[in-house]
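Chain by chain, the residues run as shown.
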Amino acid sequence: MEPDRRSCVVQPSSWDNRQREEPVNKAKPFDIAKREVWEAFKHVKANQGAAGVDGQSIAEFEADLSSNLYKLWNRLSSGSYFPPPVRRVEIPKANGGTRPLGIPTVADRIAQEVARRFLEPSLEPVFHADSYGYRPGRSAIDAVRTARQRCWRYDWVLDIDVRSYFDSIDWELLLKAVRHHTDCPWVLLYIERWLKAPEQMEDGAVAPRTAGTPQGG
């Protein structure tokens, strides 16, 4: 059965009793709770990660946490948030080539996490049972465990790799897929802006993108 499309109001999750949710400013066009931005920050902090194009580390962002989170929430809820360029880094591959990774800024990772927290409950149930990448509570180790179990039942393996998949994702098809699961205006707006955010190359040059989405972050 197809899951319900999510409405565009972010529903608050569990919250420390010492914190009190401030009412959402009704003048804002998008209803995004401050609590969601705070929860997103906690997730980003737990994952750590490198600095983006602004050079700001998580510790530096946290040094002025209240102000930084408020500014991010204010821009997200007003529709004025525009993602900065993604820092591109080339990572060596085992076969001798390189894999491009995109590293967003700390603030941008928090903004992306707000959107992920909204979308994941409706998207997670429609994934195939054998899908393990980028899913909560699943890992490559789980995929290997399943593969080992099936080796006792089958004497063949089908190995398929889509070349340059992330580099060639069609934006319109991706947005069409997202619209199938939500009509939330702010989610659709920011996903489109994230797709179109330029990359900053290792030499400092900023390059526009017309397809694909950076891996990493």
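In the block above lies the structure referred to throughout.
I will try to describe carefully the structure that is included in this document.

Thresholds applied
- Counting starts from 1 at the beginning of each chain's written sequence and moves along it residue by residue.
- The model is predicted, so local features are restricted to residues of pLDDT at least 70 and side-chain atom pairs to those at 80 or more, both for listing and for counting; the totals for chains, interfaces and linings are taken over all residues.
- Excluded from the side-chain calculation are hydrogens and water; included are all heavy atoms of the structure.
- Working definition: rings of Phe, Tyr and Trp (its six-membered ring) pair if their centres are within 6.5 Å, and the pair is stacked with planes under 30 degrees apart, edge-to-face with planes over 60 apart, and tilted otherwise.
- Lysine NZ or arginine CZ positioned within 6 Å of the ring centre and within 35 degrees of the ring normal marks a charge as sitting over the ring.
- Only protein atoms enter the 1 Å grid, on which a cavity is a set of points fitting a 1.4 Å probe that cannot get out and a pocket is an open set with protein on both sides within 12 Å along at least 5 of 7 lines, lining residues being those with an atom within 4 Å of a point.
- Grid points are joined across faces, edges and corners, and a volume is the space filled by probe spheres set on the points.
- Secondary structure elements are taken from DSSP: a helix is a run of H or I of four residues or more, a strand is a run of E of two residues or more, and numbering for both begins at the N terminus.
- Any residue outside Ala, Val, Leu, Ile, Met, Phe, Trp, Tyr, Cys, Pro, Asp, Glu, Lys and Arg is labelled polar, Gly included; the first ten of those are nonpolar and the last four are charged.

The next subject is the packing of aromatic side chains. A full pass over the atoms with the stated rule returns 10 aromatic pairs. Connected via pairs of aromatic rings, a cluster forms that spans Phe30, Tyr81, Tyr190 and Trp194. If you follow arginine 138 out to its NZ or CZ, it ends over the ring of tyrosine 132, 5.0 Å from the centre. Seen from the ring of phenylalanine 82, arginine 193 lies directly overhead, with NZ or CZ sitting 3.8 Å from the centre.

Below, the discussion takes up the layout of surface pockets. Approximately 2200 Å³ is the volume attributed to the largest pocket. Lining the largest pocket we find 46 residues, and of these Gln112, Arg116, Tyr134, Phe166 and Thr213 sit closest to its centre. Elements with a minimum of two residues in the lining of the largest pocket: helix 1 (34-47), strand 2 (98-103), helix 4 (106-123), helix 6 (165-168), helix 7 (171-181) and helix 8 (185-196). For the lining of the largest pocket, the element with the highest residue contribution is helix 4, accounting for nine residues. Of the residues contributing to the lining of the largest pocket, the split by class is 25 nonpolar, 13 polar and eight charged.

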